[in-house]
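Listed here are the chains, written in short residue letters.
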Amino acid sequence: MQNNNFVLLTALQLSGGKKPKRWQYNYGLNLLNRYINQRKLFGLDTTGMMDEYREAFREIKGK
């Protein structure tokens, strides 16, 4: 996962900068999913975010 991935950054914030736990990654993934859905609802572009979501999903769910 890239170091600027929204899910990773959210998990790092929740962990206080320490190594994030699985629930923190899952929380970040769910938060990004809700954000993407809201942007779709308003007809806004989600192309880059969908790529970030897929990347994070593969990495988190693969663990």
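Here is what the cut-offs are and how they apply
- Residues numbered from 1 in each chain as written.
- Predicted model: local features only at pLDDT ≥ 70, side-chain atom pairs only at ≥ 80, totals over all residues.
- Heavy atoms only, no water.
- Helix = DSSP H or I, 4+ residues; strand = E, 2+ residues; numbered from the N terminus.
- Rg over C-alpha atoms; globule rule 2.2 N^0.38 Å.
- Contact = heavy atoms within 4.5 Å.
- Areas by Shrake-Rupley, 256 points an atom, 1.4 Å probe, with all protein chains shown as cover.
- Lys, Arg positive; Asp, Glu negative; His and termini not counted.
- Charge placed at Lys NZ, Arg CZ, Asp CG, Glu CD.
- Core = buried A, V, L, I, M, F, W, Y, C linked by side-chain atoms within 4.5 Å.
- Buried < 20%, exposed > 50% of the residue type's maximum accessible area, 1.4 Å probe, protein only.
- Salt bridge = Lys/Arg side-chain N within 4 Å of Asp/Glu carboxyl O.

Overview of the overall build of the protein
Here's step 1: Along the backbone of the protein there are three helices and zero strands.
Here's step 2: Reading the protein from its N terminus to its C terminus gives the helix and strand order α-α-α.
Here's step 3: The C-alpha radius of gyration computed for the protein amounts to 12 Å, which stays within 12% of the reference 11 Å derived for 63 residues, consistent with globular compactness.
Here's step 4: In terms of principal-axis extent, the alpha carbons of the protein reach across some 35 × 20 × 20 Å.
Here's step 5: Within the protein, residue pairs in contact and separated by at least 24 positions form 44% of the contacts whose partners lie at least 6 positions apart.
Here's step 6: About 4400 Å² of surface is accessible on the protein, with carbon and sulfur atoms providing 54% of the total.
Here's step 7: Charged side chains of the protein number 11 positive and 5 negative; the gap between the two group centres comes to 11 Å.

With respect to the side chain of T46
Here's step 1: Along the polypeptide, T46 turns up in the loop between α2 (22-41) and α3 (47-61).
Here's step 2: When residues no more than four places from it in sequence are discounted, the contact partners of T46 are I36, R39 and K40.

Considering the nonpolar core
Here's step 1: One finds V7, L8, A11, Y25, L29, L32, I36, M49, Y53, A56 and I60 forming the largest nonpolar core, which totals eleven residues.
Here's step 2: Secondary structure elements with two or more residues in this core: α1 (6-14), α2 and α3.
Here's step 3: Leaving out residues up to four positions away in the same chain, A11 has contacts with P20, Q24 and Y25.

A look at the pattern of salt bridges
Between side chains of opposite charge, pairing is possible as soon as their charged atoms come close.
Here's step 1: By the definition in use, this model includes one salt bridge.
Here's step 2: Ionic pairing is found between D51 and R54, a salt bridge with its closest N-O pair at 2.9 Å. Of the two residues, D51 and R54 are both situated in helix α3; the distance of three residues between them amounts to about one turn of the helix.
Here's step 3: Classification of D51 as partly exposed rests on a relative accessible area of 45%.

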